[in-house]
Each structure stands twice: as C-alpha cells, then as structure tokens.
Amino acid sequence: MIVMKFGGSSVANAERIKHVASIIKAYQDKRPAVVLSAMGDTTDHLLEAADKAVLGEVDVAGVAKLHEDTAAELGIKIETIEALLTELKQLLTGISMLKEISKRSRDYLVSFGERMSVRMMAAYLESQGIPARFYDAWDIGIVSDSNYMSAELLDEVWENIPAHLNDYKNGTDNHIPIVTGFIAKDVKGNITTLGRGGSDLTATMIGAAMRAEEVQTWKDVDGILTTDPRVVKEAKPVPEVTYEEAQELAMFGAQVLHPRSMLPVRKTGTPVRVKNSYNITSPGSIIVEKHSGKVPPVCAITTVKHITLIDIVSSRMLGAAGFLAHIFNNFLKWNISIDVIATSEVSVSLTVNTKADLTGLISDLEQASQVSVRKDKAIVTIICDAAHSSAILASGFDALAEEGINVQMISQGASKVNISMIVNDDEADKTVQILHNAYFS
Ligand code: ADP
Ligand code: ASP
Ligand code: MG
C-alpha cells in the first residue's frame, strides 16, 4: 500500500482533477490511499468569506461556482456537494447575523473545502470505472485535540486508521479511499484543522499508521528545492533529504511541507517522496532516515519574514546564576514563544513572532536588564551538515560581506542541521539569493 497526497494546486480545476485521476490509476496496483487538499485557493477563499460574513456579507458565489462548474465539466452529478454548499451558506448566514466568529467556527467553515474535493474526486474516479470511496477524516478515526486552527492528532489514530483501512490494504475491499487532508474532529465531535498545509500531516499519519511502502506528496514543484523558487528561480530539486533536514526546513519557513508532517513517518521509517503533478517524469525528492551516500554540505536555504528581534543585556547579572532562567520565566509568564536564540554570559538575543504583544514582557524584563526591540527582521536559515559549519559560514559570510549585507545575529541549532541568521526584512530575499549563489551555483 502507498499513500498519495495531492495539494490544492494539483486539483485546482477539472483538467487537473482528470490528470490526478490518471496518476492515481497508474499507481492502482500499489493500492493507493489518496489524501486531498481543497481545490486551488478554496481555503483562502473560505477564510475571506468568513471575514466578510463578520462584516455582515454572505458570499459563497466564487466557491460554489468553482465546484459546480468543475462537476459539470467532469460530467458528474453530486448532490453531496450541493448539500455541503447549502450548509456552508447557512453557516455564513449565521456568522453574518452574529457578526463574530470563533476559532472553532472558523475550522468548521474551512473544512468544507476538503470535504467537497474528496467527493468530487471519488465521483469522478467512479465515473471512469475506478472503484473509489470518499471519507471525511473522522470516518477513518482521525481525531485531534481541541486546539482549533492548529490541532494535534491524538495517539489513538495509530490504531483507528488501520481499523478502518485494513480491509482495503489486504484486498477485501477494492474501493480506493479518498480522504480529506487537513481536518479532524475532537472528542466532543467538533471539526478541527491541523494548521495551514495540514494535508501533508494527514498523509504522513495515514502512511505511518498503515505501515505503507511510501507516502507521495504531489505538488506543483519538482520536489524539495534548494530554496523557495519564488525568490530564486534557479532553485533546484534536492534528490535526497533526511527526516531531520525536512523537519528543520519546514519549521524554518519552507512552505513545501507542514512543520509537523515528519513526526509520524520518523517513527516508522516510512519514506516520503515529494513529486510534481505537473511534471510526473521528474524524480522529485525522497525523504529518508539517513543519507545513502555522501552528506551534502548544504541542503537548502529558508526564510521566515516579519519577525521581531529582542536584545536583553544585563550588566547586573554578570556572572550571576539564573540570568537565563529569569528571562525564560518571563517568556513563559507572558506565553510568548521564542524561535531563534543566541546568548553570551550577560546578553541574550532572541526572535519572536511580530504579532505577539510584547508590552507586559518588556516591562517585566526591564526590571533587571536593558531591552531593545527591533521589528521588521527576517530569519534566514541554512539547512546544512553542521560538521562543515566553519567552511559554510566562511564562504557564506564572505559573499554577504561583499554585497554589504549586515547579519545581526547568528545561531546554530542544537539539531546540528541548521544555522540561522537575522537580517533586515527588506534584505531577506537578497540574502537568500547571495547565499544560494555561493552554495549552489
Ligand atoms: P501543496 O498545496 O500542493 O501542498 P504548497 O503550495 O503548500 O503545495 O507547497 C509548494 C510550494 O512551496 C511551491 O509551489 C513553492 O512555491 C513553495 N516553496 C517554498 N520553499 C520551497 C522549497 N524549499 N522547495 C519547494 N517548494 C518550496
Ligand atoms: N487546504 C489547506 C490549506 O490550504 C490544507 C492543505 O492544503 O494542506 O492550508
Ligand atoms: Mg501545502
């Protein structure tokens, strides 16, 4: 058995759905379970519809038209989608009357995208004589906690999923399961979502729980690339990546994989292949436990923009034990999470999300230290083999110095596969271009 996941861009319209159906058909002998995202930008459009509803306007026209036109073009009649569109309209009407929306209702609202796309695909496959059945994630036991918009899967999914899909795996049932990515239900029965891009996690969870041969995530790029192709158009596919590298890459901003998607497959050693549905002959990238050959010194470069850099200096604490404990306790108290950190004996520099409200934290920290806050920064991360960090830093920094880029902080992660640096937001893309040129050209 394999798991095949198709992202929004792979199922954006009728033509793409037909194409994906042909890819699924080509792998039919491997007993694929299929995970789908919402069609195209439907998730974004649903979130926009939520914002409009809060202002009193109900607008589902775009989302409805896309799904109705696609069904018509595919030559399928699907009452189940019409029923969902009616429910969606009722929900938006409710929100427009209340003029407010909770995280829980937002998750319920965005769930319609994935629920419609699996119905569409299953109906189309059936119309082509390929037995298929759609499942909403909870139909196969995908349950989560109640942390709406970024829910964690519960441990019981490891048993629930095989209980529902073993008949398919062992051939008793022949219907290809077409499962919604991204969504789940909590124990109270409320719909949750796993965070943006969460379909990757649904796919790796199913693959790991089913002990699948491999998980394939089909995208619109030739695999994991050396950097974001929208920043460096020469970015090229990385043929082999470890789980650890892939995880760091995702956590440090590469949109290509959901940050938590490596967790289940790391436990079982299930390989993950990242493929291009627009270019099926390209080999893509494979994510595995260990490199098969020589470890490449630099794997990829990523960025997270719009972050805030905080410098905390305390001469009073010079040599005093507990300086760091004091700082971390304050972050804990104000529930602000730290992304990158660099320390010396009396000073600490760290980065936080720009959206965090820092007022209380800063005033507490200022009791014992001088604090400076600098906004509009970016984290640029080199995912690399830290055994070569000196050489990597030397060549990278030479190139940056030549172009006049001023790096304001640098930190090497404990995982030994990342080096992060902080630069001004408006220099982030240029920094990535210079580093990419230094390492990959
Ligand atoms: P899907 O919705 O199909 O899962 P995403 O849009 O979430 O796909 O992720 C693929 C996109 O991620 C690519 O189109 C590309 O623009 C962007 N991207 C950013 N960094 C990378 C990277 N290092 N490798 C590949 N793609 C990347
Ligand atoms: N449709 C969701 C999103 O756009 C989940 C996904 O694509 O993985 O974030
Ligand atoms: Mg994605």
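The structure presented is a predicted model; accordingly, all values stated were derived computationally and were not measured. (Residues numbered from 1 in each chain as written. Chains lettered and ligands numbered in written order. Predicted model: local features only at pLDDT ≥ 70, side-chain atom pairs only at ≥ 80, totals over all residues. Heavy atoms only, no water.)

### A short note on the packing of aromatic side chains
Under the definition given, this model contains 3 aromatic pairs. Centroid distance Phe6 to Trp218: 5.8 Å. Interplanar angle 20 degrees. Geometry classified as stacked. Highlighted residues: Phe6 in strand S1 (residues 2-6) and Trp218 in strand S7 (residues 214-219), separated in sequence by 212 residues. Its relative accessible area of 0% is what places Phe6 among the buried residues. (Phe/Tyr/Trp six-rings, centres within 6.5 Å; stacked < 30°, edge-to-face > 60°. Helix = DSSP H or I, 4+ residues; strand = E, 2+ residues; numbered from the N terminus. Buried < 20%, exposed > 50% of the residue type's maximum accessible area, 1.4 Å probe, protein only.)

### Let's talk about the sheet that holds strand S13 (residues 347-353)
Spatially, 6 strands are ordered S12-S13-S11-S14-S16-S15 in an open sheet, and the strand pairing comes out antiparallel. Of all strands in the sheet, those with a lone pairing partner are strand S12 (338-343) and strand S15 (409-412), marking the two edges. Strand-to-strand twist across the sheet, computed as the mean angle between neighbouring axes with direction ignored, equals 30 degrees. When S15 meets strand S16 (residues 418-424), the two strands line up antiparallel, connected through 4 bridges. Note that in S16 the partner of Ser411 across the bridge is Ser420. Contacting strand S11 (298-313), S12 and S13, helix H10 (residues 323-333) runs over the sheet at an angle of about 20 degrees to S13. Packed onto the sheet, helix H12 (residues 389-402) meets S11, strand S14 (370-384), S15 and S16 and runs at close to 20 degrees relative to S16. (Pairing = 2+ DSSP bridges. Axes fitted to C-alpha atoms, helices over the stretch in contact; angles between N-to-C directions. Contact = heavy atoms within 4.5 Å.)

### As for the side chain of Ser261
Looking at the secondary structure, you find Ser261 in the loop between helix H8 (243-251) and helix H9 (262-268). By relative accessible area, which is 1% here, Ser261 ends up buried. A polar side-chain atom of Ser261 sits 2.7 Å from the main-chain carbonyl oxygen of His258. Ignoring anything within four residues of it in the chain, the contact list for Ser261 reads Asp200, Leu201 and Thr204. (Polar contact = N/O pair within 3.5 Å; in protein donor to acceptor, adjacent residues only side chain to side chain.)

### Thoughts on the sheet that holds strand S9 (residues 272-276)
Taken together, the 8 strands give an open sheet; going across it, the order is S3-S4-S2-S1-S7-S9-S10-S8, and neighbouring strands pair in mixed fashion. Only two strands of the sheet have a single partner each, and these edge strands are strand S3 (132-135) and strand S8 (240-242). Across the sheet, the axes of successive neighbouring strands diverge by a mean angle of 20 degrees, strand direction being ignored. In the sheet, S8 pairs with strand S10 (residues 285-288) via 3 bridges, with the strands oriented parallel. The residue of S10 that forms the bridge with Val241 is Ile287.

### Quick word on the pattern of salt bridges
All chains considered together, the criterion is met by 16 salt bridges. The closest approach of N and O atoms between Asp200 and Lys5, which form a salt bridge, is 2.8 Å. One end of the pair, Asp200, is in helix H7 (residues 199-209); the other, Lys5, is in strand S1, and 195 residues separate them in sequence. Assigned by exposure class, Asp200 and Lys5 land together as buried. Notably, a salt bridge pairs Glu213 with Lys30, separated by 3.2 Å at the nearest N-O pair. Pair noted here: Glu213 is in the loop between H7 and S7 and Lys30 is in the loop between helix H1 (14-26) and strand S2 (32-36), with a separation of 183 residues, a long-range link. Lys30 gets classed as partly exposed once you look at its relative accessible area, which sits at 38%. Overlapping salt bridges, with partners in common, bring together Lys5, Asp200 and Lys219 in one network. (Salt bridge = Lys/Arg side-chain N within 4 Å of Asp/Glu carboxyl O.)

### Brief notes about the state of the cysteines
Per the stated rule, a full pass over the model turns up 0 disulfides. Cysteine Cys299 remains unbridged, with the sulfur of Cys384 as its closest cysteine sulfur at 9.2 Å. The class of Cys299 is buried, set by a relative accessible area of 2%. Judged by its relative accessible area of 1%, Cys384 falls in the buried class. (Disulfide = S-S within 2.5 Å.)

### Re the pairing of S16
Taking burial as the measure, the 7 residues of S16 include 6 buried ones, the bulk of the element. Taken together, the 7 bridges between S14 and S16 define a ladder with antiparallel strand orientation. Directly across from Ile379, in S16, lies its bridge partner Ile422. Linkage of S15 to S16, two consecutive antiparallel strands, is achieved through a turn of 5 residues, within which Lys416 is found at a positive phi near 65 degrees.

### Description of the UniProt feature "binding site: substrate" (unreviewed entry) in the protein
Per the UniProt entry, the sites bearing "binding site: substrate" (unreviewed entry) are Thr43 and Glu114 in this numbering. Across 72 residues in sequence, these annotated residues keep their C-alpha atoms within 8.4 Å of one another, forming a single compact spot. Take Thr43: its relative accessible area is 9%, and that puts it in the buried class. Sequence-distant contacts of Thr43, that is, excluding residues within four places in its chain, are made with Ala38, Val110, Glu114, Phe182 and Arg196. Secondary-structure assignment places Glu114 in helix H5 (residues 103-127). (UniProt positions renumbered as here; feature names shortened; annotations may be inferred.)

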